[in-house]
Amino acid sequence: MSIDVRPASVFEDVRAVIGPKSPTANVCFCLSYRIPSKLNNALRGPERAEYVAGLCAATPAPGVLAYDGDTPVGWAAIAPRAETTFARNRRIPHVDDLPVWSLWCIRVRPGHRGQGISHALIAGAVDFARANGAPAVEAYPLDNGGSKVDLTMAYAGIRKNFERAGFAKAADTTSTLAGHPRILMRLDLS
C-alpha cells in the first residue's frame, strides 16, 4: 500500500473521513478546537458541512488527508495555533510566543487502521505546516504509557507516535482525555 498525503481541499473527501453519518448531525467535522465553542454549538446539521466546505476552499486547507489510491483513508487537523481554541486554552500551556501550528486530530477510517497511516498523517501534516511557513508544530497527544486507548478518544494521538516523528515533550498540561494525561509535544522546523 502506498499512502499519499495531500492538503484537505476536496470537501467530499473530508466528509468521507470526518463527516457525521447523518447530514443533520450536530457533531464532528473536527470543529471543536478550530472555532469558538459558541459558533461550534450554533452550527447545526447542514450548516456544519457548509462551514467545512468553506474551510476546504480556503488557503491553507484545514488539514491534510491520507489517500490509498483515490480513496481518502485518514485525516489530520493542523492550523496556526492562533487560529484555534488552543490560543486561549487554559489547560494547554504556551511554551513561548513562537507562532506555532497545532496538530490536534488524527483520524484513520475503520478498515484501514494498523497500516501506518497515522504515521504518514503526522509526517504529512508537518510537511504541510512547513510549506506554509510554520516555525514549529505542537501536538497534544495522550501520554498513555502503552496502555490501551479507546479508539473514539484516540484522535489526539499518542505520545510514542509523535516521538517516532521527531517531536519532543515540551510541557505537561492539565488536560486529560479518556483517563490519560495529555502532554504538549513540539517539533521545531527551523
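The preceding data block contains the structure.
Residues numbered from 1 in each chain as written. Predicted model: local features only at pLDDT ≥ 70, side-chain atom pairs only at ≥ 80, totals over all residues. Heavy atoms only, no water.

Q: Teacher, can you tell me more about the layout of surface pockets here?
A: Over the atoms, a rolled probe matching the size of one water molecule traces out where space is still vacant. The volume enclosed by the largest pocket comes to roughly 1,300 Å³. Surrounding the largest pocket, 50 residues form its lining, I106, R107, L151, A154 and Y155 being those nearest its centre. Elements supplying a minimum of two residues to the lining of the largest pocket: helix 1 (11-18), helix 2 (37-42), strand 4 (101-108), helix 4 (117-131) and helix 5 (159-164). The dominant element in the lining of the largest pocket, judged by the number of residues it contributes, is strand 4, at five residues. Each residue belonging to the lining of the largest pocket can be placed in one class, and the counts come to 22 nonpolar, 17 polar and 11 charged. Of the voids in this model, the second largest pocket is the one considered here, and its volume is about 240 Å³. If you go around the second largest pocket, the residues you meet are S32, Y33, I35, P36, S37, N40, T85, R88, N89 and R90. Residue composition of the lining of the second largest pocket, grouped by class: three nonpolar, five polar and two charged. (1 Å grid on protein atoms, 1.4 Å probe; cavity = no way out; pocket = protein on both sides within 12 Å on 5 of 7 lines; lining within 4 Å. Points joined across faces, edges and corners; volume = space filled by probe spheres on them. Helix = DSSP H or I, 4+ residues; strand = E, 2+ residues; numbered from the N terminus. Nonpolar A, V, L, I, M, F, W, Y, C, P; charged D, E, K, R; others polar.)

Q: What is the right way to look at the pairing of strand 2 (residues 63-68) in this model?
A: Looking along a regular strand, one sees side chains alternate from face to face of the sheet. The element strand 2 is largely enclosed, with a buried count of five among its six residues. As defined by bridge partners, strand 2 adjoins strand 3 (residues 71-80) across six bridges and the pair is classed as antiparallel. Paired with G63 across the bridge in strand 3 is A77. Two successive antiparallel strands, strand 2 and strand 3, enclose a turn made up of two residues, where G69 displays a positive phi of approximately 65 degrees. (Buried < 20%, exposed > 50% of the residue type's maximum accessible area, 1.4 Å probe, protein only. Pairing = 2+ DSSP bridges.)

Q: What should I look at first to understand the sheet that holds strand 6 (residues 168-177) in this one?
A: Pairing between the strands of a sheet is mediated by backbone hydrogen bonds and can be parallel or antiparallel. The strand order across the open sheet built from seven strands is 1-2-3-4-5-7-6, with neighbouring strands paired in mixed fashion. Looking at strand neighbours, the two that pair on one side only are strand 1 (3-7) and strand 6, the edges of this open sheet. Between one strand axis and the next, the sheet turns through 25 degrees on average, direction left out of account. Running over the sheet, helix 1 touches strand 2, strand 3 and strand 4 and is turned about 100 degrees from strand 3. (Axes fitted to C-alpha atoms, helices over the stretch in contact; angles between N-to-C directions. Contact = heavy atoms within 4.5 Å.)

Q: Mind showing me how you'd approach empty space enclosed by the protein here?
A: Under the definition given, this model contains two cavities of 30 Å³ or more. Estimates place the volume of the largest cavity at around 60 Å³. Around the largest cavity, the lining residues are R15, P20, S22, P23, A25, V27, F29, G45, P46, R48 and A49. Of the residues contributing to the lining of the largest cavity, the split by class is seven nonpolar, two polar and two charged. Each pocket or cavity is described by its volume, and for the second largest cavity that value is around 30 Å³. Surrounding the second largest cavity, V14, F29, C30, R34, V52, L55, C56, P62 and W75 form its lining. Broken down by element, the lining of the second largest cavity gets its largest block of residues, three residues, from helix 3 (residues 46-57).

Q: Whenever I open this one, the packing of aromatic side chains confuses me. Can you help?
A: In this description, an aromatic ring pair is defined by two values, namely the gap between the centres and the angle between the planes. Counting across every chain of the model gives seven aromatic pairs. For the ring pair F86 and W104, a centre distance of 6.1 Å and an interplane angle of 55 degrees mean the geometry is tilted. Here F86, found in the loop between strand 3 and strand 4, pairs with W104, found in strand 4; they are 18 residues apart in sequence, far enough to count as distant. The pair F86 / W104 is uniform in exposure class, with both members buried. Centre to centre, the rings of W101 and F128 are 6.1 Å apart; their planes meet at 75 degrees, and the pair counts as edge-to-face. Note that W101 is positioned in strand 4 and F128 in helix 4, a separation of 27 residues in sequence. Overall, F128 belongs to the buried group, its relative accessible area being 8%. One cation-aromatic arrangement involves R6 over Y67; the distance from NZ or CZ to the ring centre is 3.8 Å. (Phe/Tyr/Trp six-rings, centres within 6.5 Å; stacked < 30°, edge-to-face > 60°. Lys NZ or Arg CZ within 6 Å of the ring centre and 35° of its normal.)

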